[in-house]
Amino acid sequence: MPQTVLVTGGAGFIGSHTCVELLDHGHDVVVVDDHSNSSPHALDAVQKLAGRPLAGAHRVDLRDRAALDSVFAAHDVDAVIHFAAKKAVGESMRIPLDYFDVNIGGTTALLCAMHEHGVRRLVFSSSCSIYGDTATVPLGEDEPAGPTNPYARSKHICEQLLGDACRRYPELSVIALRYFNPIGAHPSGMIGEDPTGVPNNVLPYMAQVAVGRLDELAVFGDDYPTPDGTCVRDYVHVVDVADGHRVAVDHLDDEAGLRVLNLGTGTGASVLELVARFSAAVGRPIPYRIADRRAGDVPILVADPSRVAAAWGWRTTRDLADMCADAWKFQRSHPHGYRSA
Ligand code: UDP
């Protein structure tokens, strides 16, 4: 059934890819984004790619309750996907209060607005970083949480708030998707990752090295207890992550309350492996140097993706070579991000 889905952070990296998936599957999409880390041009590309217009695009900070209320008043929203948040581990160590304010404050304001407007269905963008420093590989959803940085803590607190809200309001249906490390881009090369300022995440940083905007990648630590000493992550194609959100919307009515599901591939890659794979996609070596560990990092995070597979028959379909090739296609055609277009 086509629905009207409000996507917060819809112009961002995962948000924009999810908007395309939703539009491609017949849903109407309303975007709320303050463009603090995204370009409005991403939404032009989304509409061009999908061949359909958005039902609305609103430049709103979620903490502005009056503005948010007017968005809910203007659209008959069936479900919300909530991406809008700050998302960088290292930055969160430097400015933790901003992370609490934007991530927890934004989620609280959104929940209040949904409550006021009778919207009871939500897909929440959560994170594998919640698991923290654990020796467990792979990580199932029942693994205890142990956030090691303010970003992860903010996501964990949001999950707890959502759980409390669901206990008080049994009509609420919430799915928290804990995704691992989304990278890549739409295979068309029309949308991709375009962070504001110097990238915090490893793949966009490398991609900007590849087009000459940055000199070399700093690999944060090579003395971790992993096969090559660099951190291992479960990189997952952003189009798989977007598809997971689209499928989650279809499953919101399966049951009420809060459900927590991993989105990952179940396979890990080290930073040096990622450098090698991305270099292969680009066709020349990406310069890098080994640097100190980054505060807040953990050695290894790899998903056990079996719960979502059992629940929905859903699994990722794209591998690391696809992720690197698609990320490079976007960066090569947009060396300065959406401003290049
Ligand atoms: N990383 C790195 N250099 C960078 C950025 C990240 O070596 O410039 C490493 C980081 O230490 C981690 C991995 O790459 O082990 C993934 O980091 P990212 O910030 O992309 O995602 P996170 O796992 O922190 O959510």
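Scroll up a little and you will see the structure.
First, a word on scope: everything that follows refers to the structure included in this document.

### A word on the overall build of the protein chain
Looking only at helices and strands, one finds 11 helices and 14 strands in the protein chain. Projected onto its principal axes, the C-alpha coordinates of the protein chain cover approximately 50 × 45 × 40 Å. A separation of at least 24 residues holds for 81% of the contacts in the protein chain among residues at least 6 apart in sequence. Roughly 13600 Å² of accessible area belongs to the protein chain as shown, and the carbon and sulfur atoms make up 50% of that amount. Side chains of the protein chain give 30 positive and 43 negative charges; the mean places of these two sets differ by 2 Å.

### Overview of the sheet that holds strand β1 (residues 4-8)
One open sheet accounts for seven strands, arranged β3-β2-β1-β4-β5-β6-β11; its pairing is parallel. Looking at the sheet topology across the chains shown, the edges are occupied by β3 (56-59) and β11 (257-263). Each neighbouring strand pair of the sheet contributes to a mean axis angle of 15 degrees, computed without reference to strand direction. Looking at chain direction, strand β2 (residues 28-33) and β3 are connected through four bridges and run parallel. Across the sheet, the residue bridging to Asp33 is Arg59, located in β3.

### Focus: the packing of aromatic side chains
Throughout the structure, instances matching the rule amount to four aromatic pairs. Between Phe278 and Trp328 the ring centres are 6.2 Å apart and the planes differ by 90 degrees, which places this aromatic pair in the edge-to-face class. Remark: Trp328 occurs in helix α11 (residues 320-333) and Phe278 occurs in helix α9 (residues 271-282); sequence separation between them is 50 residues. Owing to a relative accessible area of 8%, Trp328 belongs among the buried residues under this scheme. Directly above the ring of Tyr224 sits Arg293, whose terminal nitrogen or CZ lies 4.0 Å from the centroid.

### Some points on the site of the ligand
For the ligand, the set of nearby residues contains 15 residues, the closest of which are Ala218, Phe220, Arg233, Arg294 and Asp297. One of the side-chain N or O atoms of Asn201 is found 3.1 Å from an oxygen atom in the ligand. Val202 places a polar main-chain atom, nitrogen or oxygen, 2.9 Å from an oxygen atom of the ligand. If the ligand stood free it would expose 510 Å²; the protein chains cover 91% of that surface. Here the shell around the ligand gets four residues from one element, more than from any other, and that element is strand β8 (residues 217-220).

### Section: the sheet that holds strand β9 (residues 232-233)
The strand order across the open sheet built from three strands is β12-β9-β14, with neighbouring strands paired in mixed fashion. Of all strands in the sheet, those bounded by a partner on one side alone are β12 (269-270) and β14 (300-301). As judged from the two bridges shared by β9 and β14, these two strands associate in the parallel manner. Pairing of Arg233 across the sheet is with Leu301, part of β14.

### Here we look at the environment of Asn181
Inspection of the secondary structure assignment puts Asn181 in strand β7 (residues 181-183). On a C-alpha basis, the gap between Asn181 and Phe13 in space is 12 Å, while along the polypeptide they are 168 residues apart. Setting aside anything within four residues of it in sequence, one finds Asn181 in contact with Cys128, Arg233, Asp234, Tyr235 and Val236.

### Some thoughts on the side chain of Gln208
Along the polypeptide, Gln208 turns up in helix α7 (residues 202-210). Residue Gln208 is classed as buried on the basis of its relative accessible area of 5%. Residues within four places of Gln208 in sequence aside, it is in contact with Pro195, Pro199, Arg213, Leu214 and Gln331.

### What to know about α11
The first and last C-alpha atoms of α11 sit 20 Å apart over 14 residues, in line with the 20 Å expected at 1.5 Å per residue. For α11, the complete set of buried residues consists of Leu320, Met323, Cys324, Asp326, Ala327, Trp328, Phe330 and Gln331. Elements in contact with the buried residues of α11: β7, α7, β10 (235-237), β12 and α9. Its side-chain oxygen placed 3.2 Å from the backbone nitrogen of Ala321, Asp319 serves as the N-cap of α11.

### Some points on the side chain of Asp297
Checked against the element boundaries, Asp297 lands in the loop between β13 (288-291) and β14. Only 3.0 Å separates the side chain of Asp297 from the side chain of Arg294, close enough to count as a polar contact. Once residues within four sequence positions are removed from consideration, Asp297 is found in contact with Val89, Phe220, Tyr224 and Arg233.

The rules behind each value
- Residues numbered from 1 in each chain as written.
- Predicted model: local features only at pLDDT ≥ 70, side-chain atom pairs only at ≥ 80, totals over all residues.
- Heavy atoms only, no water.
- Helix = DSSP H or I, 4+ residues; strand = E, 2+ residues; numbered from the N terminus.
- Contact = heavy atoms within 4.5 Å.
- Areas by Shrake-Rupley, 256 points an atom, 1.4 Å probe, with all protein chains shown as cover.
- Lys, Arg positive; Asp, Glu negative; His and termini not counted.
- Charge placed at Lys NZ, Arg CZ, Asp CG, Glu CD.
- Pairing = 2+ DSSP bridges.
- Axes fitted to C-alpha atoms, helices over the stretch in contact; angles between N-to-C directions.
- Phe/Tyr/Trp six-rings, centres within 6.5 Å; stacked < 30°, edge-to-face > 60°.
- Buried < 20%, exposed > 50% of the residue type's maximum accessible area, 1.4 Å probe, protein only.
- Lys NZ or Arg CZ within 6 Å of the ring centre and 35° of its normal.
- Near = heavy atom within 4 Å.
- Polar contact = N/O pair within 3.5 Å; in protein donor to acceptor, adjacent residues only side chain to side chain.
- Expected span 1.5 Å × (residues − 1).

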